[in-house]
Amino acid sequence: MKNKFLVFGCEFLEAQIYGVHAFLLKTKNSKLKTSQKGFTLLELMIAMTLFVVVLVSFIGLFMSAISEQQKNLEKITLLNSASYLLEYMSRSIRMAEKDPGATCIDLNMNYKHPNAGNDSLQFLQTEFDAGAGGYVPKCRRFYFDVGAGKIKIMKSTDNTQGNLQLAIDLTPGNLTIAGMRFVIQGDGQVAGSPGDPTGNLQPAVTISINLRTNIASPQELKVQTTVSQRELDIEY
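Remember, it's a predicted structure, so these values are computed and weren't measured experimentally.

(A) Region of interest: the overall build of the protein chain. From N to C terminus, the protein chain includes one helix and twelve strands. Reading the secondary structure of the protein chain in the N-to-C direction produces β-β-β-α-β-β-β-β-β-β-β-β-β. Here the protein chain, with 236 residues, has 33% of them falling under the buried criterion. Accessible surface for the protein chain amounts to roughly 15500 Å². Of this, 59% is attributable to carbon and sulfur atoms.

(B) Quick look at the nonpolar core. By size, the foremost hydrophobic cluster in this structure holds 28 residues, and its most contacted members are Met 89, Ile 93, Phe 142, Phe 182, Ile 207, Ile 209 and Leu 211. Of all elements in the fold, only helix H1 (41–94), strand E6 (120–129), strand E7 (134–145), strand E8 (150–155), strand E10 (175–185), strand E11 (204–213) and strand E12 (220–228) reach the threshold of two or more residues within this core. In terms of residue count, the dominant contributor to this core is H1 (seven residues). Not counting residues within four places of it along the chain, the set of residues in contact with Phe 142 comprises Tyr 88, Met 89, Ser 92, Ile 93, Asp 119, Ser 120, Leu 121, Phe 123, Lys 152, Ile 153, Leu 170 and Phe 182. Counting residues in hydrophobic clusters, the runner-up holds seven residues, among them Leu 124, Cys 139, Tyr 143 and Met 154.

(C) Quick look at the packing of aromatic side chains. Under the criterion given, the structure shown has five aromatic pairs. Between the aromatic rings of Tyr 84 and Tyr 88, the centroid separation amounts to 6.0 Å while the plane-to-plane angle is 40 degrees, which identifies the pairing as tilted. Of the two residues, Tyr 84 and Tyr 88 both sit in helix H1, four residues apart, roughly one turn of that helix. Ring centres of Phe 123 and Phe 142 lie 5.9 Å apart, and the angle between their planes is 35 degrees; this geometry places the pair in the tilted category. Highlighted residues: Phe 123 in strand E6 and Phe 142 in strand E7, separated in sequence by 19 residues. Linked through ring pairs, Tyr 84, Tyr 88, Tyr 111, Phe 123 and Phe 142 together constitute an aromatic cluster.

(D) Just the pairing of E8, in detail. For E8, the buried fraction is high: five of the six residues fall into the buried class. Here E7 runs beside E8; their pairing, made up of six bridges, is antiparallel. By the bridge assignment for E8, Tyr 143 is matched with Lys 152. Hairpin connection between E7 and E8: a loop of four residues separates the two successive antiparallel strands, and Gly 149 in this loop has a positive phi of roughly 65 degrees. The sheet contact formed by E8 and strand E9 (residues 168–169) spans two bridges and is antiparallel. Directly across from Ile 153, in E9, lies its bridge partner Ile 168.

(E) Quick look at the sheet that holds E10. Strand order across the open sheet formed by three strands is E10-E11-E12, with antiparallel pairing between neighbours. Pairing within the sheet leaves two strands with one partner each, and these edge strands are E10 and E12. Sheet twist, expressed as the average angle between the axes of neighbouring strands with direction ignored, equals 15 degrees. Examined bridge by bridge, E10 and E11 share ten bridges and lie antiparallel to one another. Looking across to E11, one finds that Gln 185 is bridged to Ala 204.

(F) Seen up close, the side chain of Gln 219. Position of Gln 219 relative to the elements: it lies in the loop between E11 and E12. With sequence-adjacent residues up to four places away left out, Gln 219 is seen in contact with Lys 71, Glu 74, Lys 75, Leu 78, Leu 211, Arg 212 and Thr 213.

(G) Inspection of unusual backbone geometry at higher detail. The phi angle at Ala 102 is positive, at roughly 55 degrees, despite the residue not being glycine. Within the element layout of this structure, Ala 102 appears in the loop between strand E4 (96–97) and strand E5 (111–112).

(H) Representation of a nonpolar patch on the surface within the structure. Taken together, the side chains of Phe 51, Val 52, Leu 55, Val 56, Phe 58, Ile 59, Phe 62, Met 63 and Ile 66 define a hydrophobic patch exposed on the protein surface, amounting to about 910 Å² of accessible area. Along the chain, Phe 51 falls in helix H1. For Phe 51, a relative accessible area of 57% gives the class exposed.

(I) Focus on the pattern of salt bridges. Applying the stated criterion to the full structure yields five salt bridges. Put simply, Glu 127 and Arg 140 hold a salt bridge, and the shortest N to O gap is 2.8 Å. Here Glu 127 is found in strand E6, whereas its partner Arg 140 is found in strand E7, with 13 residues between them in sequence. Notably, a salt bridge pairs Asp 129 with Lys 138, separated by 3.0 Å at the nearest N-O pair.

Procedures and definitions
- Residues numbered from 1 in each chain as written.
- Predicted model: local features only at pLDDT ≥ 70, side-chain atom pairs only at ≥ 80, totals over all residues.
- Heavy atoms only, no water.
- Helix = DSSP H or I, 4+ residues; strand = E, 2+ residues; numbered from the N terminus.
- Buried < 20%, exposed > 50% of the residue type's maximum accessible area, 1.4 Å probe, protein only.
- Areas by Shrake-Rupley, 256 points an atom, 1.4 Å probe, with all protein chains shown as cover.
- Core = buried A, V, L, I, M, F, W, Y, C linked by side-chain atoms within 4.5 Å.
- Contact = heavy atoms within 4.5 Å.
- Phe/Tyr/Trp six-rings, centres within 6.5 Å; stacked < 30°, edge-to-face > 60°.
- Pairing = 2+ DSSP bridges.
- Axes fitted to C-alpha atoms, helices over the stretch in contact; angles between N-to-C directions.
- Patch = residues over 30% accessible without salt bridge, like charges linked within 9 Å, V, L, I, M, F, W, Y side chains within 5 Å.
- Salt bridge = Lys/Arg side-chain N within 4 Å of Asp/Glu carboxyl O.

Structure below.
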């Protein structure tokens, strides 16, 4: 060690090491000290717990949103199917006319329940027949197939119930009909008949349907509408 001097506040020593002239930096402590600060185990456990709680809450909200969206889609399906069924049956029932020959229903009546109970409806419906060259009455029957949970229609090739063809399913495969009924009002112009004390009411049919979806937690919908005969029910 020969000389020592300061450079920018640092003290250097001039020395000969193994014949080599060198300058050594003098420090207050020959041991280098490093300061490193980390997380304790408790802090890590608290952070992980908070993260898990937030994650579970987010997943719960996400699954709840998906569930509500699924329910809304099921309700839309029910509404669309109910709208189709009511519109299809209403259009046919509205075109009903009297049966002067009692070939489809009772004499001079507009509608009847062909089966026991009120879950079926039979009537003459006027429709265009290209073969006949015009509009002709044909026998029609709507009924509720309880075993299958479906609404079905039977169409006759003419105005007789004896020629009713095989039933056609009107209900989508993803839905089940839990119940259906037809209530006839003002039919036959008979005073004192149910819903028509004077016998002067225009014939009408009230349709009630209970639909539900075919899922684990089914959505259910009840709809009802009343359809009157389009043609004026004149006396016979």
